[in-house]
There are 2 protein chains.
Amino acid sequence: MKKLMNDPENIVTAFLDGLVAANGERLQRLEGTDVITRRSFKPQKVGIVSGGGSGHEPAHAGYVGEGMLDAAVAGEVFTSPGADQFLAAIQAADQGAGVLVLVKNYNGDVMNVEMAQEMAEAEGITAEMVIINDDVAVDDPEQRRGIAGTVLVQKMTGAFAETGASLSEVKRLAEKAVSRVRSMSVALTPCTLPAVDQPSFDLAEEEMEVGIGIHGERGMDRREVASSAEIARLLLDHILPEIPQGAPLAVLVNGMGSTSLMELQVFANDVIEQLDRDIQHTFVGEYMTSLDMAGVSLTLLALDDELAEHLQAPVKTVQWKQ
Amino acid sequence: MKKLMNDPENIVTAFLDGLVAANGERLQRLEGTDVITRRSFKPQKVGIVSGGGSGHEPAHAGYVGEGMLDAAVAGEVFTSPGADQFLAAIQAADQGAGVLVLVKNYNGDVMNVEMAQEMAEAEGITAEMVIINDDVAVDDPEQRRGIAGTVLVQKMTGAFAETGASLSEVKRLAEKAVSRVRSMSVALTPCTLPAVDQPSFDLAEEEMEVGIGIHGERGMDRREVASSAEIARLLLDHILPEIPQGAPLAVLVNGMGSTSLMELQVFANDVIEQLDRDIQHTFVGEYMTSLDMAGVSLTLLALDDELAEHLQAPVKTVQWKQ
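Residues numbered from 1 in each chain as written. Chains lettered and ligands numbered in written order. Predicted model: local features only at pLDDT ≥ 70, side-chain atom pairs only at ≥ 80, totals over all residues. Heavy atoms only, no water.

Caption draft 1: Main features of the domain arrangement of chain A. Residues and elements named next belong to chain A. The domain architecture assigned to chain A consists of domain 1 (8–179 + 310–317) and domain 2 (181–306). Look at where the C-alpha atoms of domain 1 and domain 2 centre, and you get two points 23 Å apart. Contacts between the two partners involve 39 residues from domain 1, matched on the other side by 38 residues from domain 2. Across the interface of domain 1 and domain 2, roughly 3,000 Å² is buried in total on both sides, 63% from carbon and sulfur atoms. Linking domain 1 to domain 2 there are four salt bridges. When the shortest N-O distance is used, the salt bridge between Arg144 and Glu242 registers 3.2 Å. Elements with a contribution of two residues or more to the side of domain 1 that touches domain 2: α4 (149–162), α5 (167–179) and α8 (305–311). (Domains from an automatic or database assignment. Contact = heavy atoms within 4.5 Å. Buried area = accessible area lost by both parts, 1.4 Å probe. Salt bridge = Lys/Arg side-chain N within 4 Å of Asp/Glu carboxyl O. Helix = DSSP H or I, 4+ residues; strand = E, 2+ residues; numbered from the N terminus.)

Here's what the structure looks like:
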């Protein structure tokens, strides 16, 4: 698998350097870490931290900025950053009002954030954690993974923190957002890790993998490739029963890395046509990828007035501006 | 080649429908055409129109909005729209101050715009044309293709038009921008058309194609795959002699469709490290794609004060917001 890179073992560092080199007026890298933060912090604002393994770009460093994250921690590809890295992010993000860490539901990430929380508390920094688990491809809610819905939670939580809300208020909003956002993915091709020459799983030319995770994990089901309209139906049928009925929706159509924008927009068209609900916002693009995987995830978020307000609030990050 | 689509013959229509369905507050489709326009126009502003074959998303419809294009015309995949479609866009964009059509340098596009110009003149609408030819992979300047540099020309021209400048002034700025922007591309894989099951050319696992166009055209040279740093050097060596020396630069690192953001940012890092010039802006992402091609193009724009002002002016489109 050909990739645009130099040393595969060094790809995360080169990525972070490139991001900061291209956006130096906005972003900085904490020395000696793989933590990207805002260049300037807002005093007394609750700090919002997120992070996890790399390979999901633009998540999470692309979402650092006003109205969203204060700091993002990048692990090696598909590998949780260590507790010390999360701690460095928490220390940087703490401006006297405490820190909320938004973490996708993977054992390694959750464990390392918990350790970082304890280390922060020992230094007198209050750090709370909210776990995001939007992937309905997994039946057991305890085991549900965090996938693309994560970025909507980050967006709304970050906007609310920007208003000066307290840590307990910000945590309450993040938990509400988590409870109302659900996603599911389909892969048309597997992904290939930079340091490995083999794809993460094999998929025949006429097959697709339904319910895959964002780390090249196998899905819940493998079947013949379907049309965009059929895939839209399939994902809607899994997601719709899992979100509050009647509420207006935000829709996120997320490309997994190598699916063209033309295809994503065709898929969005099918979702909108089949979704007999009030759709207030539709986002289409690459928000949470899985390296070079071809495929798509669909996220539905059941809005209320408070969530809608923070979803549409101004945001200034490398990836998300409005 | 698996794609997320329904009927391949209908993919452009489905794409345009999806774009409008997801952005109805901002965009509309002119009935009976493949023209996307702003929902509301600014009276007495010079209209800015662009367009060409599809397959380069988000170009051009993703750039319709305040501070950039008034209307974009979408042809079938890699096929120029007809003169009647360009005419419809010109008619819609004309708000009494004339229209400038920005067209990439391909025979079909230029011919159809010329015909549309004549038809518009017959209706009393003044329509001027500026041809964009930023691709230095072709030696003969007359034959140089328009590739990713196009979007920078659209951005600056659109911003200037928004200030109320006259048609002749806007045309002057567009021509200056064209004279100062140069690009070149490398493909790691070919692209595959939606209605065709074969890639546009064959490329062995260890090969890359240097100087490809955005329509799956063969390049000027085929060689062994190089590192990101080596590709940066190669493209810089071709582009730098072609732009004014000494001026501050804007850099655009553009993904061809299926190259991950992580890789694009690694490449941007290599470009910035090797470019011993004053870099005022760096843009990294998918701006002008070639379906599902893997690869990258590099664009350098030599700024002056006027161009810099319009490059950083506010813009509100689906794809480009600042």
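Caption draft 2: Up close: a negative patch on the surface. Among the surface-exposed residues, Asp197(A), Glu205(B), Glu206(B) and Glu224(B) lie close enough to one another that they form a single negatively charged patch. Looking at where Glu205(B) falls in the secondary structure, it is placed in the loop between β8 (181–187) and β9 (207–210). (Patch = residues over 30% accessible without salt bridge, like charges linked within 9 Å, V, L, I, M, F, W, Y side chains within 5 Å. Areas by Shrake-Rupley, 256 points an atom, 1.4 Å probe, with all protein chains shown as cover. Lys, Arg positive; Asp, Glu negative; His and termini not counted. Charge placed at Lys NZ, Arg CZ, Asp CG, Glu CD.)

Caption draft 3: Summary view of helix α7 (residues 261–274) of chain A. Residue and element names in this part refer to chain A. End to end, α7 covers 20 Å across 14 residues, agreeing with the expected 20 Å (1.5 Å per residue, within 8%). For α7, the buried fraction is high: 12 of the 14 residues fall into the buried class. For α7, every residue scored as buried is listed here: Leu261, Met262, Glu263, Leu264, Gln265, Val266, Phe267, Ala268, Asn269, Asp270, Val271 and Ile272. (Expected span 1.5 Å × (residues − 1). Buried < 20%, exposed > 50% of the residue type's maximum accessible area, 1.4 Å probe, protein only.)

Caption draft 4: Just the packing of helix α2 (residues 83–93) of chain A against helix α3 (residues 107–122) of chain A, in detail. All names here are of chain A. Where α2 contacts α3, the two axes come as close as 8 Å, and the packing angle between them is 55 degrees. In terms of orientation, α2 and α3 fall into the oblique class. Judged by the sense of rotation from one axis to the other, the crossing of α2 with α3 is right-handed. Here Ala83, Phe86, Leu87 and Ile90 of α2 come into contact with α3, specifically with Asp109, Asn112, Val113, Met115, Ala116, Met119 and Ala120. (Axes fitted to C-alpha atoms, helices over the stretch in contact; angles between N-to-C directions. Parallel < 35°, antiparallel > 145°, perpendicular 65-115°, else oblique. Left-handed = near helix turned anticlockwise from the far one by under 90°.)

Caption draft 5: Up close: unusual backbone geometry. In the segment running from Glu57(B) into Pro58(B), the intervening peptide bond is cis, with an omega of 10 degrees. Positionally, Pro58(B) belongs in the loop between β3 (47–54) and β4 (65–66). In this chain, Ala59(B) is followed by His60(B) through a cis amide linkage whose omega measures 0 degrees. Following the sequence through the fold, His60(B) ends up in the loop between β3 and β4. Of note, Phe78(A) is a non-glycine position whose phi angle comes to about 55 degrees, a positive value.

Caption draft 6: Summary view of the relation of the copies chain B and chain A. Least-squares fitting of chain B to chain A yields an RMSD of 0.0 Å, with the transformation described by 0.0 Å of translation along the axis and a rotation of 180 degrees. Expressed as an axis order, the relation between the two copies is that of a two-fold axis. If distances are taken from each C-alpha of chain B to the rotation axis, the shortest is found for Ser258(B), at 1.9 Å. Residue by residue, 100% of the interface of chain B is reproduced at the interface of chain A, so both copies engage with the same surface. (Least-squares fit on C-alpha atoms with pLDDT ≥ 70 in both.)

Caption draft 7: A look at the side chain of Thr282(B). Inspection of the secondary structure assignment puts Thr282(B) in strand β12 (residues 279–285). Each residue touching Thr282(B), except ones within four places of it in the same chain, is listed here: Ala22(A), Val251(B) and Ile272(B).

Caption draft 8: Spotlight on the interface of chain B and chain A. The interface of chain B with chain A comprises 50 residues on the first partner and 50 residues on the second. Taken over both partners, the interface formed by chain B and chain A buries close to 4,200 Å², and the fraction arising from carbon and sulfur atoms is 65%. The tally of links from chain B across to chain A stands at zero salt bridges. Of all the secondary-structure elements, those providing two or more residues to the side of chain B that touches chain A are α1 (11–22), α6 (228–239), α7 (261–274) and β12 of chain B.

Caption draft 9: Looking closely at the packing of helix α4 (residues 149–162) of chain B against helix α5 (residues 167–179) of chain B. All names here are of chain B. For the pair α4 and α5, the least separation of the axes is 9 Å and the interaxial angle reads 160 degrees. Judged by the angle between their axes, α4 and α5 are roughly antiparallel. Considering only the axes of α4 and α5, their crossing is right-handed. Contact residues: Val153, Met156, Thr157, Phe160 and Ala161 in α4; Glu169, Val170, Arg172, Leu173, Ala174, Ala177 and Val178 in α5. Residue composition of the contact of α4 with α5, by class: nine nonpolar, one polar and two charged. (Nonpolar A, V, L, I, M, F, W, Y, C, P; charged D, E, K, R; others polar.)

Caption draft 10: View of the pairing of strand β3 (residues 47–54) of chain A. Residue and element names in this part refer to chain A. Of all eight residues in β3, eight are buried; the element is thus mostly enclosed. Inspection of the sheet shows β3 paired to strand β6 (residues 99–104) by five bridges, in the parallel sense. Within β6, the residue paired with Val49 across the bridge is Val101. Sheet topology note: the β3/strand β5 (residues 71–77) ladder contains five bridges and is parallel. Looking across to β5, one finds that Val49 is bridged to Ala71. (Pairing = 2+ DSSP bridges.)

Caption draft 11: Representation of the sheet that holds β6(A) within the structure. Residues and elements named next belong to chain A. The mixed open sheet is built from six strands, whose spatial order is β1-β2-β5-β3-β6-β7. Edge strands, defined here as strands with exactly one partner in the open sheet, are β1 (27–29) and β7 (127–132). Strand-to-strand twist in this sheet, taken as the mean axis angle between neighbours without regard to direction, amounts to 25 degrees. Where β1 and strand β2 (residues 35–38) come together, three bridges link them in antiparallel fashion. Looking at β2, one finds that Gln28 is bridged to Thr37.

Caption draft 12: Structural context of the sheet that holds strand β10 (residues 221–224) of chain A. Residues and elements named next belong to chain A. Strand order across the open sheet formed by six strands is β10-β9-β8-β13-β11-β12, with mixed pairing between neighbours. Looking along the sheet, the strands with just one partner apiece sit at the ends: β10 and β12 (279–285). Averaged over neighbouring strand pairs, the angle between their axes works out to 20 degrees when direction is ignored. With seven bridges connecting them, strand β8 (residues 181–187) and strand β13 (residues 295–302) associate as antiparallel partners. Following the sheet pairing, Ser185 is matched in β13 by Ser297. Packing of α5 onto the sheet brings it into contact with β8 and β13, and relative to β8 it is tilted by some 50 degrees.

Caption draft 13: Molecular detail of a nonpolar patch on the surface. Together, Met111(A), Met115(A) and Met119(A) make up an exposed nonpolar region whose accessible area comes to about 270 Å². Here Met119(A) shows up in helix α3.

Caption draft 14: Region of interest: the pattern of salt bridges. Scanning the model with the defined rule gives 40 salt bridges over all chains in all. Arg145(B) is paired through a salt bridge with Asp135(B); the nearest N and O atoms lie 2.8 Å apart. Taken together, the positions of Arg145(B) in the loop between β7 (127–132) and α4 and Asp135(B) in the loop between β7 and α4 put the pair 10 residues apart, joining distant regions of the chain. In this structure, Arg145(B) and Asp135(B) share a single accessibility class: buried. Residues joined in a network through salt bridges with shared partners are Arg38(A), Lys42(A), Lys45(A), Asp70(A) and Glu162(A).

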